[in-house]
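# Structural characterization, general
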Number of protein chains: 2
Amino acid sequence: MKKLINNPDHVVDEMIEGFVAAHPQYVRKLESNKRSVVSVNSGRKGKVGVVIGGGSGHKPAFIGYVGKGMADGVAVGNIFASPPPDPILEVTKAVDGGKGVIYLYGNYAGDCMNFDMAQELASLEGIRVETVLVTDDVASAPKGEMEKRRGIAGDFLVFKAAGAAADMGHDLDEVVRLAKKANDQTRTMGVGLTPCYIPQTGEPSFELDDSEMEIGLGIHGEPGVKRGELQTADKVADFLLEQITGDLSLVKGDTVTVLVNGLGSTPYLDLYIVFRRVAHVLAEKGISIYRSYVGEYVTSLEMGGCSITLMKMDDEMIELVDYPADCPMFVQT
Amino acid sequence: MKKLINNPDHVVDEMIEGFVAAHPQYVRKLESNKRSVVSVNSGRKGKVGVVIGGGSGHKPAFIGYVGKGMADGVAVGNIFASPPPDPILEVTKAVDGGKGVIYLYGNYAGDCMNFDMAQELASLEGIRVETVLVTDDVASAPKGEMEKRRGIAGDFLVFKAAGAAADMGHDLDEVVRLAKKANDQTRTMGVGLTPCYIPQTGEPSFELDDSEMEIGLGIHGEPGVKRGELQTADKVADFLLEQITGDLSLVKGDTVTVLVNGLGSTPYLDLYIVFRRVAHVLAEKGISIYRSYVGEYVTSLEMGGCSITLMKMDDEMIELVDYPADCPMFVQT
């Protein structure tokens, strides 16, 4: 493990210091909690507050998505570990504009426990909070058990949809409805080629032979559905798309937004080669691409590999996906 | 070497296909040459055309910077190899709006030869072309020999300045003056921790022990000024900044734009930890930060490491750096 860090115990706090110093026009750290970061524009009266969060090591997720049209605030956990309730509560109070707050995060036991606790504490302070879990990873549970599925790169599209809905001025019930709909229409599956290394332990997240890949793994290196021989980009794309289009019951004439997401160390060159095949296959199936994102949107430190996400589009989703966003690590005009 | 590719001989053409398919609202491939990609808005009458280019494997550079406020077109070479004159000439003809064209690229022998040849061919067709080389790498030649220095991450800031100047409507002489000034005021130095792998050979770009780093290396894995023990992020930042601030003769009261650039596989977490130290050191020196960029701007496939770039600011540079840009891989409002 070779990293550009100082003390492994301080990586998250030092990262937040650097992040806030780099982007003062976008974000500030709360004085009440050093793991609570909010948009400089947060707390707008009459706007539903959008709070995201989770473990560190996934940048741009989550801290990079704090800004106009996305999240109002983020609670920052340790590497791959949920933030405790306190920073979540402090962010909630800071971003509340009197119209309630929505929590959005990937479906992991630790996050659920801590965000639920923060939600209870917020309600004691008179802030109504609703939660929408992101559950886009088709590899993590069968189709009938969406509520057991993890949230991975689909986080980005669900945050984008909810952030847009809140910025448009919708009320909390409507933001929740649209966020749930965005999640219901979004599916992801990925492959891992090389592991990442947790700074504090130096241990690889998984071990693979030079000829192997892990199919359907999670963004913390959770085991996949299977381990297979390393395939060409086209074969990987074909396999992932088959799972995703089947799970989303896509048919000829449907329209999707595509996200090809790098896990950390996979070159953009490779991601565009994967995207090329995605475009071919969808065209063959008669499925139109409305918009495409290719790059690093939800990473796992220096993990190698990628995921493919499809979001089924309709007029409501088009309006939300098209809505502008201006964040430290994501800008759309 | 584990990559998500198909045939190693086809990676660049397949990447371009994927890139154009992903971003049809931004770019199109010329029919006259499959390695020529231009902005859908290029060729605007009365606007100086901005042409960039170089080898592949550096994304976002170069193809990701084609768009409004940046480049009008790009000639795409093979991995780490200059494009030949033909795609450069075709791009030149396509983006010419009658006011001449500026070529901007990093100072490498192959690129100089091919772009110079394209320039001659363009002049035969009545298109005036001027060239500004990016020479920001302080490690590649002594201070008195700027013209021998390589172009690395500073490419981004010089492209940004020239692209803004051209979009504002300045004439070719003025765009050239501002691009040269941007380059004169920009310095970069980097460290490499882990190599990248050329798809066609599978060979690492350099070999380092687990405890070593390469200091002052180039973006194709060219040897650095020295090889040293892997240091903490703070010590790396201190060392790089000392070289850069000295070379740029920065003094108390100066203002800079900072770019902390990841070479490919280094996590954003690490880059922000490096940025934190940069901000501390500059504050101690009484140098103000005008704007900061942290992320992947000029990469070397999956190389691990980072570079630090400082651009000395004045009113002209502020206007150019602040100018909006809208490209497939870089958006600034």
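Owing to the predicted nature of the structure, the values given are computational and were not obtained by experimental measurement.

What counts and what doesn't
Residues numbered from 1 in each chain as written. Chains lettered and ligands numbered in written order. Predicted model: local features only at pLDDT ≥ 70, side-chain atom pairs only at ≥ 80, totals over all residues. Heavy atoms only, no water. Helix = DSSP H or I, 4+ residues; strand = E, 2+ residues; numbered from the N terminus. Buried < 20%, exposed > 50% of the residue type's maximum accessible area, 1.4 Å probe, protein only. Contact = heavy atoms within 4.5 Å. Areas by Shrake-Rupley, 256 points an atom, 1.4 Å probe, with all protein chains shown as cover. Lys, Arg positive; Asp, Glu negative; His and termini not counted. Charge placed at Lys NZ, Arg CZ, Asp CG, Glu CD. Phe/Tyr/Trp six-rings, centres within 6.5 Å; stacked < 30°, edge-to-face > 60°. Pairing = 2+ DSSP bridges. Axes fitted to C-alpha atoms, helices over the stretch in contact; angles between N-to-C directions. Buried area = accessible area lost by both parts, 1.4 Å probe. Salt bridge = Lys/Arg side-chain N within 4 Å of Asp/Glu carboxyl O. Polar contact = N/O pair within 3.5 Å; in protein donor to acceptor, adjacent residues only side chain to side chain. Least-squares fit on C-alpha atoms with pLDDT ≥ 70 in both. Domains from an automatic or database assignment. Expected span 1.5 Å × (residues − 1).

## Some words on the overall build of chain A
Secondary structure summary: chain A contains 8 helices and 14 strands in total. Taken along its principal axes, the extent of the C-alpha atoms in chain A is 50 × 50 × 35 Å. Going through the 333 residues of chain A one by one, you find that 65% of them count as buried. Nonlocal contacts in chain A, meaning residues at least 24 apart in sequence, comprise 72% of its contacts between residues at least 6 apart. Entry remark: accessible area of chain A is about 11,100 Å², with carbon and sulfur atoms responsible for 48%. Across chain A, the centroid of the 32 positively charged side chains sits 4 Å from that of the 47 negatively charged ones.

## Observations regarding unusual backbone geometry
Residues and elements named next belong to chain A. Here the residue pair Ala61 and Phe62 is connected by a cis peptide bond, since its omega of 0° sits within 30 degrees of zero. Among the structural elements, Phe62 can be located in the loop between strand S3 (49-56) and strand S4 (73-79). Phi at Ser249 is positive, roughly 50°, even though this residue is not glycine. Relative to the assigned elements, Ser249 resides in the loop between helix H6 (233-247) and strand S10 (255-262). A relative accessible area of 43% places Ser249 in the partly exposed class.

## Comments concerning the packing of aromatic side chains
Residues and elements named next belong to chain A. Applying the stated rule across the entire model yields 24 aromatic pairs over all chains. For the ring pair Tyr105 and Phe115, a centre distance of 4.1 Å and an interplane angle of 15° mean the geometry is stacked. Of this pair, Tyr105 sits in strand S5 (residues 101-106) while Phe115 sits in helix H3 (residues 109-124), and the two are 10 residues apart along the sequence. Residues Tyr105 and Phe115 agree in their burial class; the two are buried. Relative to Tyr297, the ring of Phe156 lies with its centre 4.6 Å away and its plane at 50°, an arrangement referred to as tilted. In this pair, Phe156 sits in helix H4 (residues 154-167) while Tyr297 sits in the loop between strand S11 (288-295) and strand S12 (304-312), placing the two residues 141 residues apart along the sequence.

## Notes on the sheet that holds strand S6 (residues 129-134) of chain A
All names here are of chain A. Strand order in the open sheet made by the 6 strands is S1-S2-S4-S3-S5-S6, with mixed pairing throughout. In this open sheet, the two strands that pair with only one neighbour each are strand S1 (27-29) and S6. Ignoring which end each strand starts from, the neighbouring axes of this sheet average 25° apart. Each of S3, S5 and S6 is contacted by H4, which is oriented at about 170° to S5, the strand it contacts most.

## Some thoughts on the environment of Glu316 of chain B
Residue and element names in this part refer to chain B. Inspection of the secondary structure puts Glu316 in helix H8 (residues 315-322). In this structure the C-alpha to C-alpha distance between Glu316 and Lys181, which are 135 residues apart in sequence, comes to 9.4 Å. Discounting chain neighbours no more than four positions away, the residues touching Glu316 are Glu174, Arg177, Leu178 and Lys181.

## A look at the interface of chain B and chain A
The partner chain A presents 56 residues to the 56 residues of chain B that form the contact. Together chain B and chain A conceal approximately 4,800 Å² of surface at their shared face, both sides included; 64% is due to carbon and sulfur atoms. In terms of surface lost to chain A, no three residues of chain B exceed Lys2, Leu4 and Tyr272 of chain B, which account for 20% of the buried area on that side. The interface formed by chain B and chain A holds 4 salt bridges in total. Applying the counting criterion to the chain B and chain A interface returns 27 residue pairs in polar contact (both at pLDDT 80 or more). Contributions of two or more residues to the side of chain B that touches chain A are made by helix H1 (11-22), strand S7 (186-194), helix H6 (233-247), helix H7 (268-285), strand S11 (288-295) and strand S12 (304-312) of chain B.

## Here we look at the relation of the copies chain B and chain A
The transform that puts chain B on chain A rotates by 180° and translates by 0.0 Å along the axis, for an RMSD of 0.0 Å. What we have between these two chains is a two-fold relation. Residues of chain B ranked by C-alpha distance from the rotation axis are headed by Ser265 of chain B, positioned 2.0 Å from it. Here 98% of the interface residues in chain B have copies in chain A that are interface residues too; the copies meet face to matching face.

## Notes on the domain arrangement of chain A
When the parts of a complex come together, some accessible area is lost, and that lost area is often used as the size of the interface. All names here are of chain A. You can read the domains of chain A as domain 1 (10-185 + 322-332) and domain 2 (186-314). Here the C-alpha centroids of domain 1 and domain 2 sit 23 Å apart. The interface is formed by 34 residues belonging to domain 1 together with 39 residues belonging to domain 2. The contact between domain 1 and domain 2 buries some 3,000 Å² in all, and 59% of this surface belongs to carbon and sulfur atoms. When the buried surface of domain 1 facing domain 2 is broken down by residue, Phe80, Leu157 and Gln185 rank first, second and third, together holding 21% of it. Counting every contact that joins domain 1 to domain 2 gives 3 salt bridges. For Asp322, the salt bridge identified is with Arg291, shortest N-O distance 3.1 Å. At the junction of domain 1 with domain 2, the criterion picks out 19 residue pairs in polar contact (both at pLDDT 80 or more).

## Comments concerning the pattern of salt bridges
Per the stated rule, a full pass over the model turns up 50 salt bridges over all chains. In this structure, Arg44 of chain B and Asp167 of chain B form a salt bridge, with 3.1 Å as the shortest nitrogen-oxygen distance. Of this pair, Arg44 of chain B sits in the loop between strand S2 (36-39) and strand S3 (49-56) while Asp167 of chain B sits in helix H4 (residues 154-167), and the two are 123 residues apart along the sequence. Across the pair Glu145 of chain B and Lys148 of chain B runs a salt bridge whose closest N-O atoms are separated by 2.8 Å. On the basis of relative accessible area, Lys148 of chain B is assigned to the exposed category, the value being 53%. Residues participating in the shared-partner salt-bridge network are Glu14 and Glu17 of chain A together with Asp234, Asp238, Arg276 and Arg277 of chain B.

## Overview of the side chain of Asp270 of chain B
Positionally, Asp270 of chain B belongs in helix H7. Although Asp270 of chain B lies buried, it forms no salt bridge, and the closest oppositely charged side chain, Lys3 of chain A, sits 5.1 Å away as judged by the N-O distance. Of the polar contacts made by the side chain of Asp270 of chain B, one reaches the backbone nitrogen of Leu4 of chain A; its length is 3.0 Å. If we skip the residues at most four places from it in the chain, Asp270 of chain B touches Lys3, Leu4 and Ile5 of chain A.

## Observations concerning H1 of chain B
Taking 1.5 Å as the rise per residue, H1 of chain B with 12 residues should run 16 Å; its terminal C-alpha atoms sit 16 Å apart, in good agreement. Taking burial as the measure, the 12 residues of H1 of chain B include 9 buried ones, the bulk of the element. The secondary structure elements touched by the buried residues of H1 of chain B are helix H7 (268-285) and S11 of chain A together with strand S1 (27-29), S2, S3 and strand S4 (73-79) of chain B.

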